[in-house]
Structures are given as C-alpha cells and as structure tokens.
Amino acid sequence: MTKKDYLDQIIQGDCEKVLEDLPDNSIDLIFTSPPYADQRTKTYGGINPNHYVDWFLPKAAQFKRVLKPTGTFILNIKERVVDGERHTYVIDLIIKMREQGWLWTEGYIWHKKNSQIEKR
Ligand SMILES: C[S@@+](CC[C@H](N)C(=O)[O-])C[C@H]1O[C@@H](n2cnc3c(N)ncnc32)[C@H](O)[C@@H]1O
C-alpha cells in the first residue's frame, strides 16, 4: 500500500489485516478504543478478559511496526469488574506491551458526560 492509498482515508476492516499492508514507521499517531474485554458482547462481540492480552498483543506488534519512532500511541481502555474485583487484563497488557518495547508514559481519565453515574 502506498501513502496515497491510506493518507486521509477511512479504511474499514480487521485492524490486524489492514495494518499488514501499511509500511513500517509510517504513522505519527494511533488512537484506538478496542473492546473493553467482553463488556459489550451484545453490541460488537467481545473478548474474555482472561484471553484479552493474547488477543491484543499481535495487534500491538503491528501498531509498533507501523508507528514512527517519534509516534504516539493512545489506548482508550478500561478494566472490567469480574466476580466483584477489577480484572487485571489492562495492567497485564501494559506489562506485556512493555516487553514488546513499548514505553508506558501516561494514563488519563475519560470524563464521559453521558455516563450512567452522571445521570443519578
Ligand atoms: C469500544 S468500541 C469503540 C467504537 C468507536 N471508537 C466508538 O467510539 O464508538 C470497540 C470497537 O472495536 C471494534 N473491533 C473489535 N475488534 C476489531 C478488530 N480486530 N479490528 C477493528 N475493529 C475491531 C468493534 O467492532 C467496536 O466497534
């Protein structure tokens, strides 16, 4: 895929497949909001929290390949409560992504105006 094929384009598809066609070190910013494990299975399916890291790591490897060394990767994700406890899949993912060479630099809070809590 040449630059004109993906510049200013919306390319729909399985991100792992789409990323395969993108050249190394070609992207400045990746902002992704993957499924929060299996929190919305009725809406768009989901991934069991216990399998989430294995599901995401191949994608993370592709993100790292296409991202420029000066690039930024923003992951919009949230733990999910399982059996009364926050599941650690997000923390586990950060640790595994660091093993891939990612630098974990910051966390942020998405203050959603339309969240359930706001309505109470
Ligand atoms: C948390 S939602 C984010 C949706 C969108 N960003 C939004 O704000 O409405 C996660 C999205 O990831 C999509 N998704 C799941 N697996 C994917 C994959 N392998 N490649 C591309 N998108 C995927 C789901 O279909 C779902 O729309």
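Everything numeric in this text was worked out from a predicted model, so none of it was measured. (Residues numbered from 1 in each chain as written. Predicted model: local features only at pLDDT ≥ 70, side-chain atom pairs only at ≥ 80, totals over all residues. Heavy atoms only, no water.)

Draft legend 1. Just the overall build of the protein, in detail. Across its full length, the protein carries six helices and four strands. Taking the principal axes of its C-alpha atoms as reference, the protein extends roughly 50 × 30 × 25 Å. The burial tally for the protein puts 27% of its 120 residues in the buried class. Sequence separation of 24 or more characterises 65% of the internal contacts of the protein that already satisfy a separation of 6 or more. Here the protein displays about 8,900 Å² of accessible surface, and carbon together with sulfur accounts for 53% of that area. (Helix = DSSP H or I, 4+ residues; strand = E, 2+ residues; numbered from the N terminus. Buried < 20%, exposed > 50% of the residue type's maximum accessible area, 1.4 Å probe, protein only. Contact = heavy atoms within 4.5 Å. Areas by Shrake-Rupley, 256 points an atom, 1.4 Å probe, with all protein chains shown as cover.)

Draft legend 2. Looking closely at the packing of aromatic side chains. In total, this model carries seven aromatic pairs according to the counting rule given. Aromatic side chains Tyr52 and Tyr89 sit 4.7 Å apart centroid to centroid with 50 degrees between the ring planes, which places their arrangement in the tilted category. Here the residue Tyr52 occupies a position in helix 4 (residues 52-66), and Tyr89 occupies one in helix 5 (residues 89-99), the gap between them amounting to 37 residues. We classify Tyr52 as buried; its relative accessible area is 0%. Given a relative accessible area of 0%, Tyr89 falls into the buried group. Relative to Phe73, the ring of Phe63 lies with its centre 5.3 Å away and its plane at 35 degrees, an arrangement referred to as tilted. Note that Phe63 is positioned in helix 4 and Phe73 in strand 2 (residues 67-75), a separation of ten residues in sequence. The class for Phe63 is buried, based on a relative accessible area of 5%. Taking relative accessible area as the criterion, Phe73 reaches 18% and is therefore assigned buried. One aromatic cluster is present, formed by Tyr52, Trp55, Phe56, Phe63, Phe73, Tyr89 and Trp102 through successive ring pairs. The aromatic ring of Trp55 is capped on one face by Lys59, whose charged end is 4.1 Å from the ring centroid. (Phe/Tyr/Trp six-rings, centres within 6.5 Å; stacked < 30°, edge-to-face > 60°. Lys NZ or Arg CZ within 6 Å of the ring centre and 35° of its normal.)

Draft legend 3. Inspection of the environment of Met97 at higher detail. Along the polypeptide, Met97 turns up in helix 5. Sequence separation between Met97 and Lys64 is 33 residues; the distance between their C-alpha atoms is 9.6 Å.

Draft legend 4. Structural context of the packing of helix 4 against helix 5. Taken N-terminus to C-terminus, the directions of helix 4 and helix 5 make an angle of 40 degrees; their axes are 10 Å apart at the nearest point. The handedness of the crossing between helix 4 and helix 5 is right-handed. Across the interface between the two elements, Tyr52, Val53, Phe56, Leu57 and Ala60 from helix 4 touch Tyr89, Asp92, Leu93, Lys96 and Met97 from helix 5. The residue makeup of the contact of helix 4 with helix 5, split by class, is eight nonpolar, no polar and two charged. (Axes fitted to C-alpha atoms, helices over the stretch in contact; angles between N-to-C directions. Left-handed = near helix turned anticlockwise from the far one by under 90°. Nonpolar A, V, L, I, M, F, W, Y, C, P; charged D, E, K, R; others polar.)

Draft legend 5. Structural detail: the site of the ligand. The immediate surroundings of the ligand are formed by Gly13, Asp14, Cys15, Ser33, Pro34, Pro35, Tyr44, Trp55 and Lys59. Between Asp14 and the ligand, the recorded distance is 3.3 Å, taken from a side-chain N or O atom to a nitrogen atom. Within the contact set of the ligand, a nitrogen atom lies 2.9 Å away from a backbone nitrogen or oxygen of Cys15. (Near = heavy atom within 4 Å. Polar contact = N/O pair within 3.5 Å; in protein donor to acceptor, adjacent residues only side chain to side chain.)

Draft legend 6. Structural view of a nonpolar patch on the surface. Taken together, the side chains of Leu29, Phe31, Tyr108 and Trp110 present a nonpolar region at the surface, about 480 Å² in accessible area. By the element assignment, Tyr108 lies in the loop between helix 5 and helix 6 (116-119). The exposure class assigned to Tyr108 is partly exposed, which follows from its relative accessible area of 44%. (Patch = residues over 30% accessible without salt bridge, like charges linked within 9 Å, V, L, I, M, F, W, Y side chains within 5 Å. Salt bridge = Lys/Arg side-chain N within 4 Å of Asp/Glu carboxyl O.)

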